[in-house]
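Each chain is listed here by its residues.
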Amino acid sequence: MKKLERKVALITGGNSGIGLATAKQFVAEGAYVYITGRRQVELDAAVEAIGKNVTAVQSDVSNLADLDRLFATIKQEQGHLDIIFANAGGGQIAPLGAITEEHFDKTFNINVKGLLFTVQKALPLLPEGASIVLNASTTSIKGTPAFSVYSATKAAVRSFARNWILDLKERKIRVNAISPGVVPTPGYNLMGLSEEQVQGFVASQADNIPLGRVGRPDEIAKAVVFLASDDSSFVNGIELFVDGGMAQI
Ligand code: NAD
């Protein structure tokens, strides 16, 4: 028996990095997966890479009308949704002193507002026993130079899990946060660093990780499968660090 047999799942930002790796694992475990992203070309490539049991819906998580269209599609095609992996997100480098209003609004609009309304607008589709997994980050509890706005968004995401398990108590819907450590993905090239700086950052981080290396997207995906499936049926409101031990020392 596969872990997600006959489950319907949504992965926001499912066309790249951790989201794409998770979409592949979800389908391998028997789920039907909806992925979202802003660019149709990348969504089409992801659908091809995933291969089967996947639908892509072009939508921006920070745009509430896009979210309405997304959930109308899932409602019409499936009638319900068992799993949400609220994954879409990212951030750029900006030290205190150089933070602009645009930087703040963009980061919070995607990582916090987009994640909140993804979950809230999905609620009518969720049956009892549904599982919601929020993609936070080790930055929710650690400091990183020039990354404070991103880190604050991830602390907010972690907080949502603690609070929403109370709001969803009567419906027996579980909410957990997953916090990846350093996991090189295409997102690293969007942080505002040169290719050389990205490589230097990744190499320097490996020294701070007890396992002595950075992670891979499929290692995060396996942990998301655990939180999405009944294997974690009594796990609720946690922050699961998948970071080689980096945030534990
Ligand atoms: P990525 O850039 O490869 O993937 C990000 C995904 O989010 C893409 O599919 C992108 O299209 C989508 N996205 C971004 N803005 C969007 C928007 N407004 N609407 C819809 N989709 C949007 O990066 P990744 O590393 O796979 O990041 C995925 C998540 O993991 C993010 O929330 C990120 O903060 C989190 N995370 C990553 C790491 C890491 O080391 N890679 C560590 C901790 C947390």
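Model, not experiment: these values are computed from the prediction.

### A short note on the packing of aromatic side chains
- Per the counting criterion, the structure on display carries five aromatic pairs.
- Plain terms: the ring middles of Tyr 32 and Tyr 34 are 5.6 Å apart, the flat faces sit at 55° to each other, and that makes the pair tilted.
- A relative accessible area of 25% places Tyr 32 in the partly exposed class.
- When the ring of Phe 147 is compared with that of Tyr 150, the centres are 4.4 Å apart and the planes differ by 20°; the resulting orientation is stacked. With respect to burial, Phe 147 and Tyr 150 carry one shared label: buried.

### Some details on the site of the ligand
- Around the ligand, the surrounding shell holds 27 residues, and the nearest of these are Asn 15, Ser 16, Tyr 150, Thr 185 and Tyr 188.
- Between Ile 18 and the ligand, the recorded distance is 2.8 Å, taken from a backbone N or O atom to an oxygen atom.
- Out of a free accessible area of 820 Å², the ligand has 94% covered by protein chains.
- The set of elements that each furnish at least two residues to the shell around the ligand consists of helix H1 (17–28) and helix H5 (148–167).
- For the shell around the ligand, the residue count by class is 11 nonpolar, 13 polar and three charged.

### Let's talk about the sheet that holds strand E6 (residues 174–180)
- The strand order across the open sheet formed by seven strands is E3-E2-E1-E4-E5-E6-E7, and the pairing between neighbours is parallel. Taken across any chain shown, the strands that pair with only one partner, and hence form the sheet edges, are strand E3 (54–58) and strand E7 (239–242). The mean angle between the axes of side-by-side strands here comes to 20°, regardless of whether they run parallel or antiparallel.
- Bridge count for strand E1 (residues 8–11) against strand E4 (residues 83–86) is three bridges, and the pairing is parallel. Looking across to E4, one finds that Ala 9 is bridged to Ile 83.
- Against the sheet, helix H4 (residues 101–122) contacts E1, E4 and strand E5 (131–135), and its axis sits at roughly 170° relative to E4.

### Things to note about the pairing of E3
- By the bridge criterion, five bridges tie strand E2 (residues 32–37) to E3 in an arrangement that is parallel. Its bridge partner lying in E3, Gly 37 is registered against Gln 58.
- Note on the crossover from E2 through helix H2 (residues 40–50) to E3: the handedness is right-handed.

### Thoughts on the side chain of Thr 107
- If you trace the backbone, Thr 107 turns up in helix H4.
- Owing to a relative accessible area of 3%, Thr 107 belongs among the buried residues under this scheme.
- At 2.6 Å, the side chain of Thr 107 forms a polar contact with the backbone oxygen of His 103.
- Excluding anything up to four places from it in sequence, Thr 107 contacts Gly 90, Val 112, Val 149, Tyr 150 and Thr 153.

### Some remarks on the UniProt feature "domain: Ketoreductase" (unreviewed entry) in the protein
- Within this numbering scheme, the UniProt entry marks residues 7–181 as carrying the feature "domain: Ketoreductase" (unreviewed entry).
- The annotated region residues 7–181 carries 45% helix and 18% strand content, and the separation between its end C-alpha atoms amounts to 28 Å.

Rules used throughout
- Residues numbered from 1 in each chain as written.
- Predicted model: local features only at pLDDT ≥ 70, side-chain atom pairs only at ≥ 80, totals over all residues.
- Heavy atoms only, no water.
- Phe/Tyr/Trp six-rings, centres within 6.5 Å; stacked < 30°, edge-to-face > 60°.
- Buried < 20%, exposed > 50% of the residue type's maximum accessible area, 1.4 Å probe, protein only.
- Near = heavy atom within 4 Å.
- Polar contact = N/O pair within 3.5 Å; in protein donor to acceptor, adjacent residues only side chain to side chain.
- Areas by Shrake-Rupley, 256 points an atom, 1.4 Å probe, with all protein chains shown as cover.
- Helix = DSSP H or I, 4+ residues; strand = E, 2+ residues; numbered from the N terminus.
- Nonpolar A, V, L, I, M, F, W, Y, C, P; charged D, E, K, R; others polar.
- Pairing = 2+ DSSP bridges.
- Axes fitted to C-alpha atoms, helices over the stretch in contact; angles between N-to-C directions.
- Contact = heavy atoms within 4.5 Å.
- Right-handed = clockwise from strand over helix to strand, strands pointing away.
- UniProt positions renumbered as here; feature names shortened; annotations may be inferred.

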